[in-house]
Amino acid sequence: ATLCVAASHSINGVSKLHSEIIKQSVFHDEYENTPEKFKNVTNGIAYRRWLYQSNPELTQLLTDTIGPKFIKDGAELSKFKAFENDTEVLTKLAAVKRANKESFAKFIKNESGIILDPDSIFDVQVKRLHEYKRQHLNVMNILADYAYLQNNPDAPFIPKTYIFAAKAAPGYYLAKQIIKMIWAISEEIRKNPRISQKLSVVFLENYCVTLSERLMPASDVSEQISLAGTEASGTGCMKLMLNGAITLGTLDGANIEIKEAAGDDNIVIFGMTTPEVNELKVRGYRPNDYYNSNGAIHEAIDRMYRGINGCTFNDVANSLKDRDPYMVLADFDSYRNAQKFITFCYNDKMKWAKMSLNNIAGAGIFSADRAVTEYADNIWHLR
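All figures in this text were calculated on a predicted structure; none of them were measured in a lab.

Pairing is parallel across the open sheet formed by six strands, whose spatial order is β5-β4-β3-β6-β7-β8. Each edge of the open sheet carries a strand with a single partner, namely β5 (199–203) and β8 (268–269). Both strand β3 (residues 121–126) and strand β6 (residues 221–224) contribute to a ladder of two bridges, which runs parallel. Paired with Val124 across the two strands is Ser222, which belongs to β6.

If you want it as structure tokens, here you go:
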């Protein structure tokens, strides 16, 4: 890699944070030697596929409000922001989302027989299964909610459907165990008729672009919960944002730029920042202290030892309690509070629709057209 930097005329990361990490740590010496080589080009997506092709109802609403130019120029989406306080447009936007959720639920029922409740919050985490992406933080929160509902089955609880999809390298044992654990939770909850009306977990099989094109328009919440400083960029977050999902995430990867593009009020950020993560590593991170002092964490990890749907997950539990390299336990309370706030926002339908609209309006910057243009102008120097 160092030879590549020496031989190349230009080096870039794929998000603002990633480019800073490259300069400050990965290639710090090389950056000090030739700072002019280092640039940033934030990733982009083929947004026409994820909007015009995947979400015709939203495309029609955008065409009716801002005209059709956005199909060729993603920057045109910013004009949609003018309608953020238009009750009629917000109502139509909410109706588009509802129709997409119903369509996705029908598709999943036909494909797998699984029943999804379109009235529930569709909370979506779809990405490679890797410890740094922290699907197991999501699982810990689900286990905490499950324990709460077991103890308080009649408590008021806004129904939530947690949707996962992921692949893992064949030799990545712990990732495979986390996949199995998500499946086990989904099965155990499904067998409980009272709790399954309020809490549902679905692991989508054979995740692919065709399935994703159906899921992205139906998603309410976009889970982007990697440990700060570990995610280079991510592009699923951009596809979800474009379709009006609200990002629940850490200040990592492209989330930082989603926050800038959508506005601070239209994203839910939790957890440590990259400097705080690095500071905790220097001080010495002891996950066992969290296990011993936090009842919800203790119960969730003990549940893995006791068994979920007849399966035990000792290796996942030991990893969290003894090593926790991606600081799941350190961010757990913050994540739980962020989940509560997401639910609070969702309950205010107009507020939620406004947040959704601002995400769509801010998504144009993540067009691959823009990314390739930046490469052409600033790196390849094409005329």
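On we go.
A few words now on the side chain of Glu257. Turning to its location among the elements, Glu257 is positioned in helix α11 (residues 255–262). Nearest to the buried, unbridged Glu257 among oppositely charged side chains is Lys16, at 5.2 Å. Discounting residues that sit within four places of it in the chain, Glu257 has contacts with Ser15, Lys16, Thr42 and Phe366.

Angle between the axes and distance between the axes: these two values describe a pair of packed helices. Helix α16 (residues 328–347) packs onto helix α7 (residues 135–151) with a crossing angle of 60 degrees between their chain directions and a minimal axis gap of 10 Å. One way to sum up the angle between α7 and α16 is to call them oblique. Judged by the twist between their axes, the crossing of α7 over α16 is right-handed. Residues His136, Leu137, Asn138, Met140, Asn141, Ala144 and Asp145 of α7 form the contact with α16, whose participating residues are Val328, Leu329, Phe332, Tyr335, Arg336 and Gln339.

This brings us to the packing of aromatic side chains. To describe a pair of aromatic rings, you give the distance between the ring centres and the angle between the ring planes. If you walk through the whole model with that rule in mind, you get eight aromatic pairs. Considering the side-chain rings of Tyr346 and Trp352, the 5.2 Å spacing of their centres and the 75 degrees angle between planes classify their relative orientation as edge-to-face. In this structure Tyr346 comes out as buried when scored by relative accessible area, which is 9%. Here the aromatic rings of Tyr375 and Trp380 are separated by 5.4 Å at their centres, their planes lie at 20 degrees, and the arrangement is stacked. Residue classification places Trp380 among the partly exposed positions, given a relative accessible area of 46%.

The next subject is a nonpolar patch on the surface. On the surface, a cluster of nonpolar side chains totalling about 310 Å² of accessible area is made up of Val372, Trp380 and Leu382. Assessed through its relative accessible area of 53%, Leu382 is described here as exposed.

This part covers the nonpolar core. Residues Met140, Ile185 and Met304 are the most contacted members of the largest nonpolar core, which totals 64 residues. Setting aside chain neighbours within four positions, we find Met304 in contact with Met140, Leu143, Met181, Thr312, Phe313, Asn314, Val316, Ala317 and Leu320. Among the nonpolar cores identified, the runner-up in size contains 47 residues, and Ile45, Ile66, Leu116 and Phe366 belong to it.

About the cut-offs
Residues numbered from 1 in each chain as written. Predicted model: local features only at pLDDT ≥ 70, side-chain atom pairs only at ≥ 80, totals over all residues. Heavy atoms only, no water. Pairing = 2+ DSSP bridges. Helix = DSSP H or I, 4+ residues; strand = E, 2+ residues; numbered from the N terminus. Buried < 20%, exposed > 50% of the residue type's maximum accessible area, 1.4 Å probe, protein only. Lys, Arg positive; Asp, Glu negative; His and termini not counted. Salt bridge = Lys/Arg side-chain N within 4 Å of Asp/Glu carboxyl O. Contact = heavy atoms within 4.5 Å. Axes fitted to C-alpha atoms, helices over the stretch in contact; angles between N-to-C directions. Parallel < 35°, antiparallel > 145°, perpendicular 65-115°, else oblique. Left-handed = near helix turned anticlockwise from the far one by under 90°. Phe/Tyr/Trp six-rings, centres within 6.5 Å; stacked < 30°, edge-to-face > 60°. Patch = residues over 30% accessible without salt bridge, like charges linked within 9 Å, V, L, I, M, F, W, Y side chains within 5 Å. Areas by Shrake-Rupley, 256 points an atom, 1.4 Å probe, with all protein chains shown as cover. Core = buried A, V, L, I, M, F, W, Y, C linked by side-chain atoms within 4.5 Å.

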